[in-house]
Amino acid sequence: MKKLMLVLSVGMLLSVGLSSCSKCGSCSDQSGLFYDGEWCKGNAIEDALYEAAKAECEANGGTFGK
């Protein structure tokens, strides 16, 4: 799972341009602590990274949201 998050992070950094986010979210654990940064929707690559981060967060028992 850590490798997937690393790949997602690198992919986000390499995405074309910086665009403003209309919808962003981050993952928090049971105690409400946030981890792994914030993921935003914007272009096709960012949308795919957002959905992958959301799915992984929820699969690991976290809560994905603002």
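Residues numbered from 1 in each chain as written. Predicted model: local features only at pLDDT ≥ 70, side-chain atom pairs only at ≥ 80, totals over all residues. Heavy atoms only, no water.

Trainee: Is there a simple way to think about the nonpolar core in this case?
Mentor: Nonpolar side chains tend toward joint burial in soluble globular proteins. C27, W39, L49, Y50, A53, C57 and F64 form the largest nonpolar core, which has seven residues in total. The leading source of residues in this core is helix α2 (residues 44-59), at four residues. (Core = buried A, V, L, I, M, F, W, Y, C linked by side-chain atoms within 4.5 Å. Buried < 20%, exposed > 50% of the residue type's maximum accessible area, 1.4 Å probe, protein only. Helix = DSSP H or I, 4+ residues; strand = E, 2+ residues; numbered from the N terminus.)

Trainee: Whenever I open this one, the state of the cysteines confuses me. Can you help?
Mentor: As used in these notes, a disulfide is a covalent bond between sulfur atoms, one from each of two cysteines. Evaluation of the coordinates by the stated rule reveals two disulfides. Counting only the cysteines that form disulfides, in the order they appear in the protein chain, gives the pairing 1-3, 2-4. (Disulfide = S-S within 2.5 Å.)

Trainee: Looking at this model, I keep getting lost on the environment of Y50. Mind explaining?
Mentor: Summarising the element assignment, Y50 is placed in helix α2. A relative accessible area of 4% places Y50 in the buried class. On a C-alpha basis, the gap between Y50 and C24 in space is 8.0 Å, while along the polypeptide they are 26 residues apart. Beyond its immediate sequence surroundings of up to four residues, Y50 is in contact with K23, C24, G25, W39, C40, K41 and F64. (Contact = heavy atoms within 4.5 Å.)

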